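Single-letter residue listing:
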Amino acid sequence: MSETVNKPVVGIIGTGAIGGFYGVMLARAGFDVHFLLRSEFCAVAERGLQINSAVHGPLTLHPANTYSAAEDMPPCDWLLVGTKTTSNVGLAPAIIQAAKPDAKVLLLQNGLDVEDSLRPLLADSLHLLGGLCLICVHRDGPGLITHQALGAVNVGYHSGPAIADAARQAIVEEGAGLFRAAGIDSQAMANLHQARWQKLVWNIPYNGLSVLLGAGTTPLMADADSRVLIQALMAEVVRGAKACGHDIAPGYADYLFTMTEKMPDYWPSMYHDFRHKRPLELEAIYARPLAAAKAAGCELSRIDALYRSLCFIDRGNL
Ligand SMILES: NC(=O)C1=CN([C@@H]2O[C@H](COP(=O)(O)OP(=O)(O)OC[C@H]3O[C@@H](n4cnc5c(N)ncnc54)[C@H](OP(=O)(O)O)[C@@H]3O)[C@@H](O)[C@H]2O)C=CC1
Ligand SMILES: CC(C)(CO)C(=O)C(=O)O
């Protein structure tokens, strides 16, 4: 491992699949990483974090700097938020507690405008950014993470103190640089809102259908009817994005469709939430894009039907 001198202090708020994976990669690259946990605190404090990665091989971080309360964490330069979007508002006190006054808070989450609900709860001096993770990773037990494929994180700026655009861009580059230093592909994104719409081209069909149909990506891609449904849902996301002023490149949906055929059988994180009776990220992944498209005069009827079916399932699951 390399020297931690002059490297930013990184806090992981929510050490699940995403938080654990990227936190371990950064720690192994020599960053000073501190992990906030909840239900898995005792297990990870005792045994550390283990990643079974199909890309990097087995990775272990033991001991890991673990905390059950943000008050105990050192002041961090970067906070990577790896919780589900369903708990964002409740997390504000922990983020404020663990942040240096000018810290950068990076939400590693799916969904549209997930930063918006958190922004008013944070000090104006904090920079808020979004990170789009293109990765297949899940928890298999306390502190045990399986990484099946991919891994990139694309970073964009949301909001913060009044500074020049170039200074904001430098912060985004710094964020992408952290991941690259840990051997992870990372690009700076000029428009976070557009990038969040783009990521939804995958999440809207696959996350919801995995729950509704009880299927991972391999059976979904092997069946003629689910293939038609996925393509129709993808086309609606592209239409919704366009209505909101974001042109998604022609061929992007086809690219994701083909990419998914090549992926190992993958159960999206929404399916894991369903299976473990946790709230589904329906607001971030469905309700907000539907509302934004509707406000722009665009009805997305297939996505709406999927969303309402998932709301029914979610209410009966908790
Ligand atoms: N998994 C994936 O491959 C991908 C996930 N994403 C997105 O990344 C985000 C995170 O997903 P994922 O990592 O799968 O989720 P996980 O459920 O694996 O992880 C969430 C973690 O947050 C912790 N947590 C929640 N609330 C608190 C709290 N108040 N204090 C401390 N810890 C807390 C949970 O702890 P506890 O166990 O106690 O609940 C859990 O460890 C989601 O928005 C998801 O859509 C994006 C791309 C790919
Ligand atoms: C789409 C995928 C599998 C990889 O791009 C992902 O990142 C997700 O589950 O949100």
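Please read these numbers as outputs of a predicted model, since none were measured by experiment.

K.L.:
Help me get a handle on the packing of helix H5 (residues 192-213) against helix H7 (residues 224-243), residues and values and all.
P.N.:
As a packed pair, H5 and H7 sit with axes 9 Å apart at the nearest point and diverge in direction by 145°. The handedness of the crossing between H5 and H7 is right-handed. Touching Trp-197, Leu-200, Val-201, Ile-204, Pro-205, Tyr-206, Leu-209 and Leu-213 of H5 are Ser-226, Leu-229, Ile-230, Leu-233, Met-234, Val-237, Val-238, Gly-240 and Ala-241, all from H7. Among the residues making up the contact of H5 with H7, the classes are represented as 15 nonpolar, two polar and no charged.

K.L.:
For a nonpolar patch on the surface, give the residues involved together with the corresponding values.
P.N.:
Taken together, the side chains of Leu-212, Leu-213 and Leu-229 present a nonpolar region at the surface, about 230 Å² in accessible area. The residue Leu-213 is located in helix H5 in this model.

K.L.:
Hey, could you go over the site of ligand 2 for me, with residue numbers and the actual values?
P.N.:
Lining the immediate environment of ligand 2, one finds Asn-110, Cys-133, Leu-134, Ile-135, Cys-136, Leu-150, Lys-199, Trp-202, Asn-203, Met-259 and Tyr-266. Take Asn-110: an N or O atom from its side chain is 3.1 Å from an oxygen atom of ligand 2. At 2.9 Å, a side-chain N or O of Lys-199 approaches an oxygen atom of ligand 2. Contact with the protein chains removes 97% of the 280 Å² of surface that ligand 2 exposes when unbound. The set of elements that each furnish at least two residues to the shell around ligand 2 consists of strand S8 (127-141) and H5.

K.L.:
Any chance you could break down the packing of aromatic side chains for me, citing the residues and the numbers?
P.N.:
The tally for this structure, following the rule as stated, stands at eight aromatic pairs. On the numbers, 5.9 Å between centres and 45° between planes, the contact of Trp-202 with Tyr-266 is tilted. Of the two residues, Trp-202 sits in helix H5 while Tyr-266 sits in the loop between helix H8 (252-262) and helix H9 (269-275), which places them 64 residues apart along the sequence. The residues Trp-202 and Tyr-266 share a single accessibility class, namely buried. With a centroid separation of 6.0 Å and an interplanar angle of 35°, the aromatic rings of Tyr-252 and Tyr-255 are classed as tilted. Linking Tyr-252 with Tyr-255, this pair stays in helix H8, spanning three residues, or about one helical turn. Taken together, the ring pairs in this structure connect Phe-21, Tyr-22 and Phe-179 into an aromatic cluster. Above the plane of the ring of Phe-31 lies Lys-7, whose end atom (NZ or CZ) is 4.7 Å from the centre.

K.L.:
Quick one: what's the story with the UniProt feature "domain: Ketopantoate reductase N-terminal" (unreviewed entry) in the chain, residue by residue and with numbers?
P.N.:
On the UniProt side, "domain: Ketopantoate reductase N-terminal" (unreviewed entry) is annotated at positions that read residues 10-159 here. Within the segment residues 10-159, helix and strand shares are 20% and 45% respectively, and the terminal C-alpha atoms sit 20 Å apart.

K.L.:
Give a detailed account of the confidence of the model for the chain, specifying residues and quantitative values.
P.N.:
Averaged over the chain, the pLDDT score is 97; the fraction of residues at 70 or greater is 98%. Across the assembled chains, the prediction reports ipTM 0.98 with pTM 0.97.

K.L.:
Break down the site of ligand 1 for me, with residues and values.
P.N.:
Residues in close proximity to ligand 1 total 26 residues, the closest being Ile-18, Arg-38, Ser-39, Val-137 and Glu-281. Within the backbone of Ile-135, an N or O atom sits 3.1 Å from an oxygen atom of ligand 1. Between ligand 1 and Tyr-266 there is a distance of 2.9 Å, counted from an oxygen atom to a side-chain nitrogen or oxygen. Contact with the protein chains covers 90% of the free accessible surface of ligand 1, which is 910 Å². Broken down by secondary-structure element, the contributors of at least two residues to the shell around ligand 1 are helix H1 (17-28) and S8. No other element matches the five residues that S8 contributes to the shell around ligand 1. Of the residues in the shell around ligand 1, the class split is 10 nonpolar, 10 polar and six charged.

K.L.:
Tell me about helix H3 (residues 88-98), residues and numbers included.
P.N.:
The set of residues buried in H3 consists of Asn-88, Leu-91, Ala-92, Ala-94, Ile-95 and Ala-98. In the core, the buried residues of H3 are packed alongside strand S1 (9-13), strand S2 (32-36), strand S6 (76-81) and strand S7 (99-107).

K.L.:
Can you break down the nonpolar core residue by residue, with the values?
P.N.:
Counting residues in each nonpolar core, the largest one holds 43 residues, and the members touching the most others are Val-201, Tyr-206, Ile-230, Met-234, Leu-282, Tyr-286 and Ile-303. For this core, the secondary-structure elements that each account for two or more residues are H5, helix H6 (217-222), H7, H8, helix H10 (282-295) and helix H11 (301-317). Sort the elements by how many residues they give to this core and H5 lands first, with eight residues. With residues near it in sequence (within four places) discarded, Tyr-206 still touches Thr-217, Leu-220, Met-221, Ile-230, Met-234, Phe-257, Thr-260 and Pro-268.

Conventions and cut-offs
Residues numbered from 1 in each chain as written. Chains lettered and ligands numbered in written order. Predicted model: local features only at pLDDT ≥ 70, side-chain atom pairs only at ≥ 80, totals over all residues. Heavy atoms only, no water. Axes fitted to C-alpha atoms, helices over the stretch in contact; angles between N-to-C directions. Helix = DSSP H or I, 4+ residues; strand = E, 2+ residues; numbered from the N terminus. Left-handed = near helix turned anticlockwise from the far one by under 90°. Contact = heavy atoms within 4.5 Å. Nonpolar A, V, L, I, M, F, W, Y, C, P; charged D, E, K, R; others polar. Patch = residues over 30% accessible without salt bridge, like charges linked within 9 Å, V, L, I, M, F, W, Y side chains within 5 Å. Areas by Shrake-Rupley, 256 points an atom, 1.4 Å probe, with all protein chains shown as cover. Salt bridge = Lys/Arg side-chain N within 4 Å of Asp/Glu carboxyl O. Near = heavy atom within 4 Å. Polar contact = N/O pair within 3.5 Å; in protein donor to acceptor, adjacent residues only side chain to side chain. Phe/Tyr/Trp six-rings, centres within 6.5 Å; stacked < 30°, edge-to-face > 60°. Buried < 20%, exposed > 50% of the residue type's maximum accessible area, 1.4 Å probe, protein only. Lys NZ or Arg CZ within 6 Å of the ring centre and 35° of its normal. UniProt positions renumbered as here; feature names shortened; annotations may be inferred. pLDDT = per-residue confidence, 0-100. Core = buried A, V, L, I, M, F, W, Y, C linked by side-chain atoms within 4.5 Å.

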